[in-house]
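Each chain is listed here by its residues.
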Amino acid sequence: MITATQVKDLREKTGAGMMDCKKVLTETDGDMERAMELLRERGIAKAAKKSSRIASEGLVDAYISDDGKVGAVVEINAETDFVGKNEEFKAFVSDVARQVVEKNPANVEELLAQKSIVEADKTVEEVLTNKIATIGENMSIRRFERFETEGLVQKYIHGEGKIGVLVELENGTSELAKDVCMQIAAAKPEFLDRESVPADRVEKEMEILKAQAMNEGKPAAIAEKMVQGRIGKFYGEICLIEQSFVKNPDIKVGKLVEEKGAKIVRFVRFEKGEGLEKREENFAEEVAKQIDG
């Protein structure tokens, strides 16, 4: 039996109507992934990409070394958005980003075990525990990424810590790197180029595009040709160098960078809480429970 919650979740992820969502969930016995594919094949889903619900609060921040050769972006989560505005919490997130740059931990566990660069008598984990006690909310260091290069590393933070981007360039300028960072923040590419896209991801997209074409009444041979034409649009959405530049849509990002004599080596984009379920609270029910208790 398909539940109202399943229908609601599919509707939020695709933008499709309630009845369409219920229909495909019924057809797929509640398989959310397959239901989303069916909506796309039938041209019903409004969004081409599956979007994860933004869940946790906190901040994303980044730090670049003085010589521009090392950079790090971190995400630290908290329970409410109020903590994200707390100056003590903001300072802690910034310190952790600098810690990652200067001490190069292999992972979050190693980071937590390191001696803090701002409180030498404590580990990062002990500093975090103290912040939890003084600020009054549970917090966690979720993830970080660190780039070190002979070229240039640039950062960009958007929305007061909602999105953080880190980019590594060869032969580029700070101005160009900043433009690329803003492109990544705005256009949300998943990969650098076509070669970076997993083969199974391309195969699945081509299956969906063929199903869309055949559902439009096209013969199989024509559908195949349409797939070849449409797959370029797919790459243009998810590959950074094939995206239209946000400041000038007449030029692709790859061409822009090439004309500047530079090369994008890698990038990372963190969005606060992406992929995490948001805690939903019904305060009326909570109060009622406390009264009953």
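What comes next concerns the included structure. Computed from a predicted model, the values in this text were never measured in an experiment.

Digging into the overall build of the protein chain
Next, step 1: Looking only at helices and strands, the protein chain has 12 helices and 8 strands in total.
Next, step 2: Relative to all contacts within the protein chain whose residues are 6 or more apart in sequence, the contacts with residues 24 or more apart total 60%.
Next, step 3: Put simply, the protein chain shows about 16,100 Å² of open surface, and 49% of that area lies on carbon and sulfur atoms.

Comments concerning unusual backbone geometry
Next, step 1: The residue Asn104 is not glycine, and still its phi comes out positive at about 50°.
Next, step 2: In this fold, Asn104 is placed in the loop between helix 5 (87–103) and helix 6 (108–113).
Next, step 3: The backbone phi angle of Glu160 is positive, close to 55°, even though this residue is not glycine.

So, the sheet that holds strand 5 (residues 163–170)
Next, step 1: The sheet built from 3 strands is open, its strands ordered 4-5-8 with antiparallel pairing. The strands lining the two open edges of the sheet, one partner per strand, are strand 4 (152–158) and strand 8 (263–271). Between one strand axis and the next, the sheet turns through 15° on average, direction left out of account.

Side note on the packing of helix 1 (residues 4–14) against helix 3 (residues 32–41)
Helix packing geometry: the angle between the two helix axes and the distance between the axes.
Next, step 1: It is the contact of helix 1 with helix 3, at a shortest axis distance of 11 Å, that shows an interaxial angle of 50°. One finds that helix 1 runs oblique with respect to helix 3. Regarding helix 1 and helix 3, the two cross each other, and that crossing is right-handed. Of the residues in helix 3, those in contact with Gln6, Asp9, Leu10, Lys13 and Thr14 of helix 1 are Met32, Ala35, Met36 and Leu39.
Next, step 2: Residue composition of the contact of helix 1 with helix 3, grouped by class: 5 nonpolar, 2 polar and 2 charged.

Some words on the sheet that holds strand 3 (residues 139–148)
Next, step 1: Pairing in this open sheet of 3 strands is antiparallel, and the strands run 1-2-3 from one edge to the other. With one partner strand each, in any of the chains shown, strand 1 (57–64) and strand 3 form the two edges of the open sheet. When the angles between neighbouring strand axes are averaged without regard to direction, this sheet yields 10°.
Next, step 2: Here strand 2 (residues 70–78) pairs with strand 3 via 9 bridges, running antiparallel.

Regarding helix 1
Next, step 1: Those residues of helix 1 lying buried are Val7, Asp9, Leu10 and Thr14. Summarising the axial view, the buried residues of helix 1 lie within an arc of 165°, below the 170-degree limit, and thus occupy one face. Turned more than 90 degrees away from the buried face of helix 1 sit Ala4 and Thr5, all of them exposed.
Next, step 2: Against helix 2 (18–27) and helix 3 lie the buried residues of helix 1.

Brief notes about the environment of Asp31
Next, step 1: Take Asp31: it is sitting in the loop between helix 2 and helix 3.
Next, step 2: Here the alpha-carbon distance between Asp31 and Gln6, two residues 25 residues apart in the chain, equals 9.6 Å.
Next, step 3: Polar contacts involving the side chain of Asp31 include one to the main-chain amide nitrogen of Glu33, which spans 3.2 Å.
Next, step 4: For Asp31, the side chain forms a polar contact with the main-chain nitrogen of Arg34, separated by 3.1 Å.

Some thoughts on the pairing of strand 4
Consecutive side chains of a regular strand alternate in pointing toward one face of the sheet and then the other.
Next, step 1: Bridge count between strand 4 and strand 5: 7 bridges; the pairing is antiparallel. Bridging across to strand 5, Gln154 finds its partner in Val167.
Next, step 2: In this antiparallel pair of consecutive strands, strand 4 and strand 5, the connection spans 4 residues, and Gly159 shows a positive phi of 65°.

Regarding the pairing of strand 1
Next, step 1: A large share of strand 1 lies buried, amounting to 7 of its 8 residues.
Next, step 2: As judged from the 8 bridges shared by strand 1 and strand 2, these two strands associate in the antiparallel manner. From the neighbouring strand, Gly58 faces strand 2, where its bridge partner is Asn77.
Next, step 3: Between strand 1 and strand 2, which pair antiparallel and follow one another directly, the connecting turn spans 5 residues, one of which, Gly68, has a positive phi of 75°.

Here's the deal with helix 2
Next, step 1: Those residues of helix 2 lying buried are Cys21, Val24 and Leu25. Within helix 2, the buried residues cover an arc of 100° as seen down the axis, which keeps them to one side. The exposed set on the far side of helix 2, more than 90 degrees from its buried face, consists of Met19 and Lys23.

Overview of the environment of Asp179
Next, step 1: Looking at the secondary structure, you find Asp179 in helix 8 (residues 174–187).
Next, step 2: Classification of Asp179 by relative accessible area gives buried; the value is 15%.
Next, step 3: Distance in space between the C-alpha atoms of Asp179 and Val257 is 10.0 Å, their sequence separation being 78 residues.
Next, step 4: Not counting residues up to four positions away in its chain, the partners in contact with Asp179 are Phe245 and Lys247.

Conventions used here
- Residues numbered from 1 in each chain as written.
- Predicted model: local features only at pLDDT ≥ 70, side-chain atom pairs only at ≥ 80, totals over all residues.
- Heavy atoms only, no water.
- Helix = DSSP H or I, 4+ residues; strand = E, 2+ residues; numbered from the N terminus.
- Contact = heavy atoms within 4.5 Å.
- Areas by Shrake-Rupley, 256 points an atom, 1.4 Å probe, with all protein chains shown as cover.
- Pairing = 2+ DSSP bridges.
- Axes fitted to C-alpha atoms, helices over the stretch in contact; angles between N-to-C directions.
- Parallel < 35°, antiparallel > 145°, perpendicular 65-115°, else oblique.
- Left-handed = near helix turned anticlockwise from the far one by under 90°.
- Nonpolar A, V, L, I, M, F, W, Y, C, P; charged D, E, K, R; others polar.
- Buried < 20%, exposed > 50% of the residue type's maximum accessible area, 1.4 Å probe, protein only.
- Arc of directions from axis to C-beta.
- Polar contact = N/O pair within 3.5 Å; in protein donor to acceptor, adjacent residues only side chain to side chain.

Note that all results are geometric; they support no functional claim without further evidence.
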